[in-house]
Number of protein chains: 2
Amino acid sequence: MIGGDAAGMSAASQARRLKGPGELEVVAFERGHFTSFSACGIPYWVGGDVPERDQLIARTPEEHRARDIDLRMRTEVTEIDVDRGRVRARDLDSGAESWTSYDKLVIATGARPIRPDMPGADAPGVHGVQNLDDGQALLDTLARTRGRRAVVVGAGYIGVEMAEALINRGYEVTVVNRGSEPMSTLDPDMGRLVHEAMEGMGITMVNDAEVTKLLTGEDGWVRAVATEDGEYPADVVVLGIGVRPETTLAKAAGLPLGKHGGLLTDLAMRVRGHENIWAGGDCVEVLDLVSGQERHIALGTHANKHGQVIGSNVGGGYATFPGVVGTAVSKVCDLEIARTGLREKDARRVGLQFETVTIESTSRAGYYPGASLMTVKMLAERRTGRLLGVQIVGREGAGKRVDVAAVALTAGMTVEQMTALDLGYAPPFSPVWDPVLVAARKAAKTVGQHP
Amino acid sequence: MIGGDAAGMSAASQARRLKGPGELEVVAFERGHFTSFSACGIPYWVGGDVPERDQLIARTPEEHRARDIDLRMRTEVTEIDVDRGRVRARDLDSGAESWTSYDKLVIATGARPIRPDMPGADAPGVHGVQNLDDGQALLDTLARTRGRRAVVVGAGYIGVEMAEALINRGYEVTVVNRGSEPMSTLDPDMGRLVHEAMEGMGITMVNDAEVTKLLTGEDGWVRAVATEDGEYPADVVVLGIGVRPETTLAKAAGLPLGKHGGLLTDLAMRVRGHENIWAGGDCVEVLDLVSGQERHIALGTHANKHGQVIGSNVGGGYATFPGVVGTAVSKVCDLEIARTGLREKDARRVGLQFETVTIESTSRAGYYPGASLMTVKMLAERRTGRLLGVQIVGREGAGKRVDVAAVALTAGMTVEQMTALDLGYAPPFSPVWDPVLVAARKAAKTVGQHP
């Protein structure tokens, strides 16, 4: 296994479960200091909701080794020799290099954060939040800086979650965002709701703003974020611009990459055209079951599933990963944000024609204490009425409602079929028509009106 | 429309939406004082979470009349004359009777509570909670009684919700239950978890106890609930034994009833064999899509759906109600209880062979504040691996997770297919493997091991 995080170590563990040490030797290379950690949890550690770094570690190197996995920490694979079935690895501390041969190879090299190539991007006080070392470095900076002004660059999941973390730490937070609205994984009309809610939390939102450079003070520390139109003073800057598949090794080895730069696999997570090489996690592209095209989605839950599938196959069993529907859920303070399936522009890009509807409803029966408003947007294909996507923005109880739509998408349901779904109802849990059903009813009506 | 609650008035409203007053005359008979009220909300009104009765009324008689519905309150239909297409109705205040003819008839007569035929069942201090008048009478009793001992007879949804309501009102609550565990809509092993949690809330649980009579004091008021084995002192008694379809009129008219005493309809909610009579809500039986047999389920969310479907068809449109999967969710204080599909005994009864698995997981990532334990039980068919049912007992975030299983059941998914479901993941919302997926993985493994 190349890579000791979610996909690699899930694969290692699952393969080990199926085949004992006498049958299968499992070697895993990890260039970092940690294994099997929750990158998704870093914003909550930085924000103070999770007090200790080690709570984010699902399984330590020692725990993996106790299960007969030959785990080589701080060891970076520098070359894959596909023809001879071997990898070259360097011990990052000693610098020693050696070749290790394999019968089966698993590539789980993850993703790397997009670091803008601009002046000041490496200045002290500028932080990414990709791994636990990054998180610790940011926490050290927060402990050290006197000023309380934070600028977050990027308004995707990481950006909005880091905005919450910094608010929780008592910072004045500005989010500088290239798009017209935050959360570009939503359509702009739904992103607008996030925008307004974040402003309501006291966060300064700067949209349509391309960062041109990071300005530093005399001491070399970052002091402001500059865009074409303005300067935003900063005592700390967090970069949350997104990630790209880390496929440098794979590319050098001639393995097939998709248009997003991720490895291409078959349904068993085997690298296409290679009998004995598997790949999973943030370094691969996945099939989007709604659009029928590959996407790159860096998300721990997919990486874990890939690892399970790969480990089963490597261990002599059988499993497949059929694809994704693009479900994601996030929050900023008490605002919950969820999406699944296609946005308007995704649908257009793949040639689908559709209707959209947007409804407002509540998380519980309107009369029940704590009922909160949520907005549900739904896309349905013209003529067939097939569900294409759902986006939800609301407060408590909004986010996980997207799961109903995720299953319906997987099953290829029409919005008309969805109107009859037998969802759990009781006043503390839902209005008598669940918000997803209200949207489905309206969508079904709209599709029916345009034959 | 016979009946002015969820099914009847939804049908009336939907028919009116499709056809104006010049095209369709809509007459609705309601024998009670209210229309379109939330019976499911009564426990929360009694418990004080909902301060005002009128909050439970979705639409008043005046609001219905303003939409050109000829609503006749306090008017009870006493006979359906199918041959001549007319109903006889009595004004309950004046006693006057008259016939009204119809082109299309909608029967939405609801359900009636099972009142035990035993001494003392009608004594003052003994209450059902079927309608708003019942709720008000119970509140009046609670305001009047000095004692603080309440006995709830029955431990289904109404029973456990009323236990919560009475706890909230400061009563010492005893729940006397005929079954071996509370919540007989769950398998007993899951009901056991509810039992233990309710005892942890200070509720006295008496299981395997058939009530034989209600004892009254010298003033005629109830003073205790007697079973074969004991006596439970009570200042107030709430009966939550369940309901039966109210189909006296339909039966007298010769309309087809099923084995649970409910009207039998086709997919358009038309009474079988009758071109111009529809029925919906608590007075009908519904097709269980998992077992393939009819069931009786009294639940507002189904009644509303039936009303929509009937109204569409009566109004000249087209809609169907394909059936249910038996989803229900409830809570007792902070304990959430949910189920969908078949219990073990349901599956056996219809000839299905299955495997069961039970897992424990958490509502959020284990390290995230507020993560709470939940237990998920899953039934999957032998050989095919088709999902048959899910039961969940846990705290915050447990209940509505059943919706994922409800959609999967509707789509006929196997537990293996479910393991790949793309459910929303972020640490505040779910562990990296959602509890439903953890159960599906274990179920898939179990089914696979028994070929």
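For the structure itself, look to the data block above.
What you are looking at is a predicted structure, and each value in this text was computed from that prediction instead of being measured.

Undergrad: I'd like a rundown of the nonpolar core, residues and numbers included.
TA: For soluble globular proteins, nonpolar side chains are generally found buried alongside one another. In this structure, Val237 of chain A together with Val237 of chain B are the most contacted members of the largest nonpolar core, which totals 300 residues. If near-sequence neighbours (up to four positions away) are discounted, valine 237 of chain A is found in contact with Gly125, Val126, His127, Val151, Val153, Leu214, Val222 and Val225 of chain A.

Undergrad: Kindly report on the pairing of strand 13 (residues 222-227) of chain A, identifying the contributing residues and their values.
TA: All names here are of chain A. Direction of pairing for strand 12 (residues 211-216) relative to strand 13: antiparallel, over a ladder of 5 bridges. Of the residues in strand 13, the one forming a bridge with lysine 213 is alanine 226. Remark: 5 residues form the turn of the hairpin made by strand 12 and strand 13, two consecutive strands paired antiparallel; glycine 220 in that turn has positive phi of roughly 90 degrees. One ladder, built from 3 bridges, connects strand 13 with strand 14 (residues 231-233); its direction is antiparallel. What sits directly across from alanine 226, in strand 14, is glutamate 231.

Undergrad: How would you explain helix 5 (residues 157-168) of chain A if you had to name every residue and give the values?
TA: Residues and elements named next belong to chain A. The end-to-end C-alpha distance of helix 5 is 17 Å, a good match for the 16 Å that 12 residues give at a rise of 1.5 Å each. Helix 5 sits mainly inside the fold: 10 of its 12 residues count as buried. Of all the positions in helix 5, only Tyr157, Ile158, Gly159, Val160, Glu161, Met162, Ala163, Glu164, Ala165 and Leu166 are classed as buried. On the buried face of helix 5, the contacting elements are helix 2 (42-46), strand 9 (149-153), strand 10 (172-176), helix 6 (188-200), strand 15 (236-239) and strand 20 (328-332). Phi turns positive, to about 90 degrees, at glycine 170, one or two residues after helix 5.

Undergrad: Any details on the relation of the copies chain B and chain A? Residues and values, ideally.
TA: If you rotate chain B by 180 degrees and push it 0.0 Å along the axis, it lands on chain A with an RMSD of 0.0 Å. The superposition of one copy onto the other is thereby described by a two-fold rotation axis.

Undergrad: For the sheet that holds strand 13 (residues 222-227) of chain B, give the residues involved together with the corresponding values.
TA: Think of a sheet as strands paired side by side through backbone hydrogen bonds, with each pair either parallel or antiparallel. All names here are of chain B. Ordered by their spatial adjacency, 3 strands build an open sheet running 12-13-14, and the pairing between neighbours is antiparallel. Of all strands in the sheet, those bounded by a partner on one side alone are strand 12 (211-216) and strand 14 (231-233). Each neighbouring strand pair of the sheet contributes to a mean axis angle of 25 degrees, computed without reference to strand direction.

Undergrad: Please provide a residue-by-residue account of the environment of tyrosine 232 of chain A, values included.
TA: Residue and element names in this part refer to chain A. Its location among the elements puts tyrosine 232 in strand 14. By C-beta crowding, tyrosine 232 is classed as buried, having 21 other C-beta atoms within 10 Å. Taking the C-alpha atoms as reference, tyrosine 232 lies 9.5 Å from leucine 214; in sequence the two are 18 residues apart. Non-local contacts of tyrosine 232, meaning those with residues more than four positions away in its chain, are made with Val151, Thr174, Val176, Val206, Ala224 and Val225.

Undergrad: Quick rundown of the sheet that holds strand 12 of chain A? Include the residues and the values.
TA: Residues and elements named next belong to chain A. Pairing is antiparallel across the open sheet formed by 3 strands, whose spatial order is 12-13-14. Of all strands in the sheet, those bounded by a partner on one side alone are strand 12 and strand 14. The mean inter-strand angle of the sheet, taken between neighbouring strand axes irrespective of direction, is 25 degrees.

Thresholds applied
- Along each chain, residues carry numbers from 1 onward, in the same order as the chain's sequence is written.
- For this description, chains carry letters from A and ligands carry numbers from 1, given in the order in which they are written.
- Restriction of local features to residues with pLDDT of at least 70 applies here, the model being predicted, together with a cutoff of 80 or more for giving and counting side-chain atom pairs; totals for whole chains, interfaces and linings are based on all residues.
- One nonpolar core equals one set of buried Ala, Val, Leu, Ile, Met, Phe, Trp, Tyr and Cys residues connected by C-beta atoms within 7 Å.
- Buried, partly exposed and exposed are defined by the number of other C-beta atoms within 10 Å of a residue's own C-beta, namely 20 or more, between the two limits, and 12 or fewer respectively, with C-beta atoms placed from the backbone.
- Two residues qualify as a contact pair if the distance between their C-beta atoms, derived from the backbone, is within 7 Å.
- Note on pairing: DSSP must find at least two bridges between two strands before they are called paired.
- Where helices and strands are cited, they refer to DSSP runs of H or I of at least four residues and of E of at least two residues respectively, numbered from the N terminus.
- For a helix, the expected span equals 1.5 Å multiplied by the number of residues minus one.
- To line up the copies, we fit them by least squares on C-alpha atoms, keeping just the residues with pLDDT of at least 70 in both.
- Axes here mean lines fitted to C-alpha atoms, for a helix over just the part in contact, with angles spanning 0 to 180 degrees between N-to-C directions.

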